[in-house]
Amino acid sequence: MTAVQLEVASEGGGTVISLAGPLTATALAPVWTRAVDAARRAGDGLAIDVSGAELIDTSGAALLLALERDHSGRIEWRGLGEKPAQLMARLRLAVPEGVTAKVPARTVARTSVWRTFLIRVTFFGQTILATASLPGKLRFLRGGNFFRLVERAGTQAMPLVGMMGFLIGMILAFQSAIPMRQFGADIYVAALVSLSLFRELGPLLGAVILAGRTGSAFAAELGTMVVNEEVAALTTMGIDAETMLVIPRMAAAMVVMPALALGVDIAGVLGMGLVMMILGFPPSAILNQIQMATGPYDLLLGLFKAVVFGAAIGLIGCRAGLTAGGGPRAVGEAATSAVVGGIVVTILLDGLFAVIFYRLGL
Amino acid sequence: MSAACAPAIVVDHAGQSFGGRVIFEDVSFTVATGEVFVVLGGSGCGKSTLLKQMIGLLTPTKGRITVGGYDVVERVALVRREIGVMFQSGALFGSMTLLENVMLPLVMFTDLPARARAEIARIKLAMVGLAEAVNLLPSEISGGMAKRAAIARALALDPPILFLDEPSAGLDPITGAGLDRLILDLRATLDCTFVVVTHELQSIFAIADRCVMLDREARGMIALGVPRDLQQSSTHPTVRAFFNRDAP
Ligand SMILES: Nc1ncnc2c1ncn2[C@@H]1O[C@H](COP(=O)(O)OP(=O)(O)OP(=O)(O)O)[C@@H](O)[C@H]1O
Ligand SMILES: [Mg+2]
C-alpha cells in the first residue's frame, strides 16, 4: 500500500494542506499529528486539497473532521468527491458537540521492553517453546496490561504472603525447638528454619499462593473470554490471542513470584525470630546463626526456583482458561484445574530441582 | 481493494457436521463485491455455523470457501485482513470500555497517535449511535447497545467485507432501521460487502440484494435469490411461509 503524502504550502496569504494517497486507518499514522497541527496553526483562508486522495474511508473522514474542528476559521475543500462529502456529512450529524472521549491513561507494556525476551507460548504438550517469535507478533503485546497484572498478582497478595510466612516461621521454629531442646541444640533452630525457608518453603508457599490466587484468576478470566466468544473475536481480527493474553500474564507471574517468595522468607524469619526470642535467645545470637548457616546463594537459588514456578503456574492457568469448553461450568472447571495443575507441577519441578542441585553440588 | 464485480465470497458445496451429526450440506452461493447478502433460516439451522466457516473459525467438513479471493482454510491470515465480524453475542472485551474495544484493532494494526485512535474510535461509535456511551464498560450497557458497539468494532479498520450475525435482533424498530440505513450508507460510500444474518423481514426487504435460506429439516439451503422474487414465486412451502408471514 502506498503511503499518505502531506504537503503544507502557503498561497496568497492563506494555507493549503494537501493530502494524497489512501486516507485509511492503516496508512494515516505518519501524517495525522502534523496535519492536525497545520490546521490548528493556519490562519484565515485554509484550503484542504484532497484531490490526490484515492480512497477516503471513515478513518480518513475522521481526520478531515478533526482538521475541520481544530481549525478556527472556514475551510475551503478542494477535490472532495461526492461520496466522501456524504460520509463526512453523516459523521458530522452522528457526532454530538461537546462529548469527548477520554484517552485511556493506562500503562501499556511497550514493545521495546519486550524485545529482549521474545517468547512465544505454545500449548502443545504443555511445553514452553521459548523461541524467538516473529517480530510481527510483538505488536500483539500492545493490548496486554502487564502492570495491572503485576499489581493484582503481586502487590495485592503481599498481606496474605506476610501472614502465611510469619505463621509458618513461628510454627516451624516452635515445633523443631521442642525435640532440639532435648539435645541442647535449640539455637540451631534459627539455622534450620531459615535455610529451609530460603531454599524450599519460600518458593513453595509463594507458589501455592500464586496458584490459588492468580493461576485460578487467569483461568477464570480467559475461560470467560472463550465462553463469550471474545477470543474468537480477537482471532478474527487477526490478533494473536496467545501473544496478547498469555505472554503478559506469564511474564507477570514470573516477575511476581520471586517477590512473593522473598516475602515468605522475610516474614518467616521474623516469625521464627519471635519464637526464638520468647525461648530466650538474644537477637544477635539468632542473626549470627542465620548468617553462619545460609549464604546469599541459598536465597538466590530459592528465587531462581520461584521464577520457574511462576512461569509454570502462569502458563498452566492461561492454558486451562484458553482450552475451556462451552458454558459457565467450563469456567469453574478451568479454575480448578489451574490450581490443581499449578500446585502439582510446582512440586514436581521442585523435586527435579532437588536432584539437579544435588548433582551440581549447589 | 479487489477488482469491482469480482465475487467477494464464493461458497462451494460447503458442509458441516459435528461428530457425525450433519448440520448442513451442499451450500453453494457467491456474494458479489458491494452486495448486501442475507443469510436466513430458523433457529439452529446453522447460520452462525456457516458464518464461522466464512470467517475461518470452523473448517468446513466438506467443500471450499474463498473470501476476498483467498481460501479461508489455507490463507486465513490474508482473509482476516479483509473482514470485520460482529458476533451474535457481541463478544465485547469485558475489561475495556467501548472506546477501548473499538480502539483495540487500531492499537494493534496502526501506528496512529493515541489521540487519533480515540478520535477514530469515537466516530465509529457515533456512527452506530453510541456517542454518549464511549466511556462505559460492556457490563454497563444494554444488549442492543452491545450489538451496536460490536458493529463499531467490526468497522474499526474499515474492512471491505463485513459479517454481521443478527445485528438487529433485540433492537427496537427505530434503532434497527437506523442500522439498516448505516449498512446501506457504508455500502454506498465505501463499497463494502455485507453478509448479514437476520430474521427481520422489514430489514431483509430494506437491505438485502440477495439472500440464502437454510433449513434444519432439509439440512441445507432451500432458497437463493432476490427476496421480492422469492416472496412472489417460490414454490417451497417454508420459504413462502417465511416471506409472506406479514408481507409489507
Ligand atoms: N461447536 C459445536 N459442536 C456441536 N454442535 C454445534 C456446534 N456449534 C453449533 N452446533 C450445532 O449446530 C446447529 C446450528 O447452530 P448455529 O449456531 O449455526 O444455529 P443458528 O442457525 O445460528 O441458530 P440461531 O438463529 O438460534 O442463532 C445447532 O443445532 C447446534 O447445536
Ligand atoms: Mg446464530
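Parameters at a glance
- Residues numbered from 1 in each chain as written.
- Chains lettered and ligands numbered in written order.
- Predicted model: local features only at pLDDT ≥ 70, side-chain atom pairs only at ≥ 80, totals over all residues.
- Heavy atoms only, no water.
- Helix = DSSP H or I, 4+ residues; strand = E, 2+ residues; numbered from the N terminus.
- Rg over C-alpha atoms; globule rule 2.2 N^0.38 Å.
- Buried < 20%, exposed > 50% of the residue type's maximum accessible area, 1.4 Å probe, protein only.
- Contact = heavy atoms within 4.5 Å.
- Areas by Shrake-Rupley, 256 points an atom, 1.4 Å probe, with all protein chains shown as cover.
- Domains from an automatic or database assignment.
- UniProt positions renumbered as here; feature names shortened; annotations may be inferred.
- Donors = N, O, S within 2.8 Å, 3.2 Å for Na, K, Ca; no water.
- Pairing = 2+ DSSP bridges.
- Right-handed = clockwise from strand over helix to strand, strands pointing away.
- Buried area = accessible area lost by both parts, 1.4 Å probe.
- Salt bridge = Lys/Arg side-chain N within 4 Å of Asp/Glu carboxyl O.
- Polar contact = N/O pair within 3.5 Å; in protein donor to acceptor, adjacent residues only side chain to side chain.
- Expected span 1.5 Å × (residues − 1).
- Bend = angle between axes of the 7 residues up to and from the residue.
- pLDDT = per-residue confidence, 0-100.
- Near = heavy atom within 4 Å.
- Axes fitted to C-alpha atoms, helices over the stretch in contact; angles between N-to-C directions.

Per an unreviewed UniProt entry, chain B is named Phospholipid/cholesterol/gamma-HCH transport system ATP-binding protein, and its organism is Acidiphilium rubrum.

Per an unreviewed UniProt entry, chain A goes by the name Phospholipid/cholesterol/gamma-HCH transport system permease protein and belongs to Acidiphilium rubrum.

1. Considerations on the overall build of chain B
The helix and strand inventory of chain B stands at nine helices and 10 strands. Taking 248 residues into account, the globule formula puts the C-alpha radius of gyration at 18 Å, and chain B, at 18 Å, falls close to it. Here the C-alpha coordinates of chain B stretch approximately 55 × 40 × 40 Å along the principal axes. Per-residue burial over chain B gives 57% buried out of 248 residues. Relative to all contacts within chain B whose residues are 6 or more apart in sequence, the contacts with residues 24 or more apart total 64%.

2. What to know about the overall build of chain A
Across its full length, chain A holds 12 helices and four strands. Across the 362 residues of chain A, 49% fall into the buried class. Considering only residue pairs separated by 6 or more positions, chain A has 80% of its internal contacts joining residues 24 or more positions apart. When the accessible area of chain A is evaluated, it comes to approximately 17100 Å², of which 65% is carbon and sulfur surface.

3. Some points on the domain arrangement of chain A
Each assigned domain of chain A is listed here: domain 1 (5-103) and domain 2 (124-360). The centre of domain 1 of chain A, based on its C-alpha atoms, is set 53 Å off from the matching centre of domain 2 of chain A.

4. Considerations on the UniProt feature "domain: ABC transporter" (unreviewed entry) in chain B
Feature annotation in UniProt assigns "domain: ABC transporter" (unreviewed entry) to the following positions: residues 9-243 of chain B. Along residues 9-243 of chain B, the helical share is 39% and the strand share 26%, with 25 Å between the first and last C-alpha atoms.

5. Focus: the coordination of the magnesium ion (ligand 2)
All names here are of chain B. Every protein donor of the magnesium ion (ligand 2) is accounted for by Ser48 (OG) and Gln88 (OE1), and the metal-donor separations fall at 1.9 to 2.2 Å. Highlighted residues: Ser48 in helix α1 (residues 47-54) and Gln88 in the loop between β6 (83-86) and α3 (98-109), separated in sequence by 40 residues. With relative accessibility at 35%, the residue Gln88 sits in the partly exposed group.

6. A closer look at the pairing of strand β8 (residues 193-197) of chain B
All names here are of chain B. Here β8 lies mainly inside the structure; five of its five residues are buried. Burial along β8 is two-sided: the residues Thr193, Val195 and Val197 and Phe194 and Val196 are all buried. Inspection of the sheet shows strand β3 (residues 36-41) paired to β8 by four bridges, in the parallel sense. Residue pairing for β8: Val39 is matched across the bridge by Val197. With respect to chirality, the unit in which strand β7 (residues 161-165) leads through helix α6 (residues 173-190) into the neighbouring parallel β8 is right-handed.

7. Re the interface of chain A and chain B
Facing 48 residues of chain A, the contacting portion of chain B comprises 53 residues. Roughly 4500 Å² of surface becomes buried between chain A and chain B when both sides are summed, with 64% attributable to carbon and sulfur atoms. Considering only the side of chain A, the residues that lose the most area to chain B are Arg90, Thr236 and Met237 of chain A, jointly responsible for 14% of the buried surface there. The interface formed by chain A and chain B contains five salt bridges. Asp191 of chain B is paired through a salt bridge with Lys83 of chain A; the nearest N and O atoms lie 3.9 Å apart. If you look at where chain A meets chain B, you find 11 residue pairs in polar contact (both at pLDDT 80 or more). Among the secondary structure elements, those contributing two or more residues to the side of chain A that touches chain B are α1 (32-41), α2 (58-70), α3 (82-94) and α8 (230-236) of chain A.

8. Considering unusual backbone geometry
All names here are of chain B. The backbone of Asp26 sits at a positive phi, close to 55 degrees, despite the residue not being glycine. Along the chain, Asp26 turns up in strand β2 (residues 21-32). According to the relative accessible area criterion, Asp26 is exposed, its value standing at 51%. Of note in the backbone geometry, Asp158 takes a positive phi value of approximately 50 degrees without being a glycine. A relative accessible area of 12% places Asp158 in the buried class.

9. Some words on the pattern of salt bridges
Throughout the structure, instances matching the rule amount to 23 salt bridges over all chains. In this structure, Asp209 of chain B and Arg187 of chain B form a salt bridge, with 2.7 Å as the shortest nitrogen-oxygen distance. Highlighted residues: Asp209 of chain B in the loop between α7 (201-207) and β9 (210-215) and Arg187 of chain B in helix α6, separated in sequence by 22 residues. A residue is classified by how much of its surface remains accessible, and Asp209 of chain B, at 27% relative accessible area, is partly exposed. Put simply, Asp37, Arg40, Arg69 and Asp70 of chain A together with Arg115, Glu119 and Arg122 of chain B are held in one network by salt bridges that share partners.

10. Observations regarding helix α9 (residues 241-278) of chain A
All names here are of chain A. Here α9 is 38 residues long and its end C-alpha atoms lie 54 Å apart, about the 56 Å a rise of 1.5 Å per residue gives. Largest kink in α9: about 25 degrees, centred on Val256, with the proline Pro258 one to four residues after it. Buried residues dominate α9, accounting for 28 of its 38 residues. Among the residues trailing α9, Gly280 stands out with phi positive, at a value near 105 degrees.

11. Description of the confidence of the model for chain A
This prediction gives chain A a mean pLDDT of 83; 86% of its residues lie at or above 70. By mean pLDDT, helix α4 (residues 111-114) of chain A is the weakest element of chain A at 34, and helix α7 (residues 189-227) of chain A is the strongest at 93.

12. Considering the site of ligand 1
Residue and element names in this part refer to chain B. Taken together, the neighbourhood of ligand 1 is formed by 14 residues, with Ser43, Gly44, Lys47, Ser48 and Thr49 sitting nearest. Between an oxygen atom of ligand 1 and a main-chain N or O atom of Gly44, the distance comes to 2.8 Å. Glu166 is positioned such that a nitrogen or oxygen atom in its side chain is 3.3 Å from an oxygen atom of ligand 1. Coverage of ligand 1 by the protein amounts to 62% of the 640 Å² it exposes when considered alone.

13. A word on the UniProt feature "transmembrane region" (unreviewed entry) in chain A
Residue and element names in this part refer to chain A. As recorded in UniProt, the feature "transmembrane region" (unreviewed entry) lies at residues 117-136, 156-175, 259-279, 299-322 and 334-358. Here residues 259-279 is 95% helix and 0% strand, with 30 Å between the C-alpha atoms at its ends. Split by type, residues 334-358 is 100% helix and 0% strand. Its first and last C-alpha atoms lie 35 Å apart.

14. Here we look at the sheet that holds strand β5 (residues 70-71) of chain B
Working definition: the strands of a sheet are paired by backbone hydrogen bonds and lie parallel or antiparallel to each other. Residue and element names in this part refer to chain B. Taken in spatial order, the four strands make up an open sheet running β2-β1-β4-β5, and their pairing is antiparallel. The open sheet is flanked by β2 and β5, the only strands paired with a single partner. Pairing geometry for strand β1 (residues 7-18) and strand β4 (residues 62-67), over five bridges, is antiparallel. Looking across to β4, one finds that Ile9 is bridged to Val67. Docked against the sheet, α1 engages β1, β2 and β4, running at close to 120 degrees with respect to β1.

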